[in-house]
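The residues making up each chain are set out below.
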Amino acid sequence: MQDVIIIGGSFAGLTAAMQLGRARRQVTVLDTGLNRNRYAEHAHNIFGFDGTPPGDLLKAARAQVAQYPTVKQVSGRAIGISGEPDNFIVTTAEGETISGRRIILSYGIVDEFPAIPGFAESWGKTVIHCPFCHGYEVAGTRWGLLYSSPMSLHGPVLYANWTDDITLILDGNDIIDEERSKLEKRGVRIVDGKLASIQHDGGRISGVTMEDGSQIGLEALYAHPRNRPSADLHLQLGLETKETPTGIMLAIGDMQATSKPGIFAAGDLTTGMHSVTFANNSGSLAAMGALQSMMV
Ligand SMILES: Cc1cc2nc3c(=O)[nH]c(=O)nc-3n(C[C@H](O)[C@H](O)[C@H](O)COP(=O)(O)OP(=O)(O)OC[C@H]3O[C@@H](n4cnc5c(N)ncnc54)[C@H](O)[C@@H]3O)c2cc1C
């Protein structure tokens with residue numbers, strides 16, 4: 001019987017694993033190795049490791065976690081979960097069955113790329129979602145923002161920290177006249193049509209082509225595709241969820257507790273604010289929550 005089974009061994013899950021390993025708890029971490037930022041060459045805005053490739057960060061973390069003999073890192077995909085506190089059962093696609101007293105769900109989310117030629121190829125390079133992660137490298141250049149929800153209208157205000165050349169591509173959506181004139185007063189160009197394709201060279205974009213054939217020169221395009229949790233275990237457990245502008249997240253309370261006793265969650269699954277640092281923070285809290293709940 002494991003004390004804690006962690007499902008998803010990336011930034012959130014490995015942080016939780018290290019904390020529990022240092023508390024000498026028996027832990028199994030299941031992971032399929034598909035961290036969300038694997039498309040990016042470098043990870044930024046990370047204390048002490050700014051600019052390090054994401055894979056290098058995870059490799060170092062896995063090696064450090066491996067120093068704790070009570071933590072087992074297993075390459076495998078959790079597909080089933082049942083039971084109750086002190087006796088949860090997790091099954092894997094590889095045919096393993098693991099029982100544990102507590103569960104931490106940290107399996108992250110998957111971005112669903114639109115079928116726009118050039119989008120997937122440039123994702124994480126110059127088609128990006130977060131200026132704090134990748135904006136500095138393209139500061140002062142021509143930025144586009146692909147509208148996806150009313151939240152997109154906050155983008156140009158934020159992006160003004162990095163560039164004064166911003167084009168909002170509405171992609172067939174409409175915005176009210178008041179919003180339109182506010183943005184235009186800020187110097188934002190607004191393009192109404194639908195995006196047809198992205199021109200790029202190895203993921204470095206040079207512009208986009210609209211459905212009417214017009215072209216816009218850009219060095220960066222911000223986009224916020226819909227996302228979904230990477231697994232359906234929260235559905236199997238009937239956990240409460242919350243809507244965000246781009247997908248759903250698990251509803252969590254104090255110490256990352258989900259709506260079911262004994263089950264904690266961390267990382268991108270539990271917040272609309274997606275970053276390595278937030279994932280580390282919530283992973284650490286979830287570990288503490290699981291630990292405290294076993295100390296009664
Ligand atoms: C393109 C891009 C670039 C980014 N750049 C930055 C950056 O520069 N700086 C920054 O701070 N943030 C960045 N982010 C955000 C960052 O990637 C996420 O916030 C972070 O990865 C979240 O960590 P996580 O542990 O919650 O999830 P993830 O890192 O996505 O890890 C989830 C893990 O769970 C595993 N998994 C999924 N399903 C199962 C299952 N059923 N069983 C077992 N394992 C499973 C996956 O394989 C994966 O290893 C970027 C995001 C993107 C999309």
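Residues numbered from 1 in each chain as written. Predicted model: local features only at pLDDT ≥ 70, side-chain atom pairs only at ≥ 80, totals over all residues. Heavy atoms only, no water.

*Asks:* Describe the domain arrangement of the protein chain, and please don't skip the residues or the numbers.
*Replies:* Domain parsing of the protein chain yields domain 1 (2-111 + 226-294) and domain 2 (119-222). The gap between the C-alpha centroids of domain 1 and domain 2 is 32 Å. Across the contact, nine residues belong to domain 1 and 11 residues belong to domain 2. Carbon and sulfur atoms make up 53% of the area that domain 1 and domain 2 hide from each other, which totals about 900 Å². Scanning the region where domain 1 abuts domain 2 turns up one salt bridge. The partner of E41 in a salt bridge is R204, with the nearest N and O atoms 2.9 Å apart. There are two residue pairs in polar contact (both at pLDDT 80 or more) connecting domain 1 and domain 2. Residue composition of the side of domain 1 that touches domain 2, grouped by class: three nonpolar, three polar and three charged. (Domains from an automatic or database assignment. Contact = heavy atoms within 4.5 Å. Buried area = accessible area lost by both parts, 1.4 Å probe. Salt bridge = Lys/Arg side-chain N within 4 Å of Asp/Glu carboxyl O. Polar contact = N/O pair within 3.5 Å; in protein donor to acceptor, adjacent residues only side chain to side chain. Nonpolar A, V, L, I, M, F, W, Y, C, P; charged D, E, K, R; others polar.)

*Asks:* Help me get a handle on the UniProt feature "domain: FAD/NAD(P)-binding" (unreviewed entry) in the protein chain, residues and values and all.
*Replies:* Mapped onto this structure's residue numbering, the UniProt feature "domain: FAD/NAD(P)-binding" (unreviewed entry) falls at residues 3-283. The distance separating the terminal C-alpha atoms of residues 3-283 is 16 Å; by composition the span is 21% helix and 31% strand. (UniProt positions renumbered as here; feature names shortened; annotations may be inferred. Helix = DSSP H or I, 4+ residues; strand = E, 2+ residues; numbered from the N terminus.)

*Asks:* Could you give an account of the packing of helix α1 (residues 11-22) against helix α8 (residues 276-294), naming the residues involved and the relevant values?
*Replies:* For the pair α1 and α8, interaxial distance at closest approach is 7 Å and the crossing angle is 40°. With respect to their mutual orientation, α1 and α8 come out oblique. Here α1 runs over α8; the crossing is right-handed. Here F11, A12, T15, A16, Q19 and L20 of α1 come into contact with α8, specifically with V276, A279, N280, G283, S284, A287, M288 and L291. Residues belonging to the contact of α1 with α8 are distributed by class as follows: nine nonpolar, five polar and no charged. (Axes fitted to C-alpha atoms, helices over the stretch in contact; angles between N-to-C directions. Parallel < 35°, antiparallel > 145°, perpendicular 65-115°, else oblique. Left-handed = near helix turned anticlockwise from the far one by under 90°.)

*Asks:* So what's going on with the side chain of H44? Which residues, and what values?
*Replies:* For H44, the location among the structural elements is in the loop between β2 (27-31) and α2 (54-65). With relative accessibility at 16%, the residue H44 sits in the buried group. A distance of 3.0 Å separates a polar atom in the side chain of H44 from a polar atom in the side chain of D50. With near-sequence residues (within four places) excluded, H44 lies in contact with D50, G51, F132, C133, H134 and E137. (Buried < 20%, exposed > 50% of the residue type's maximum accessible area, 1.4 Å probe, protein only.)

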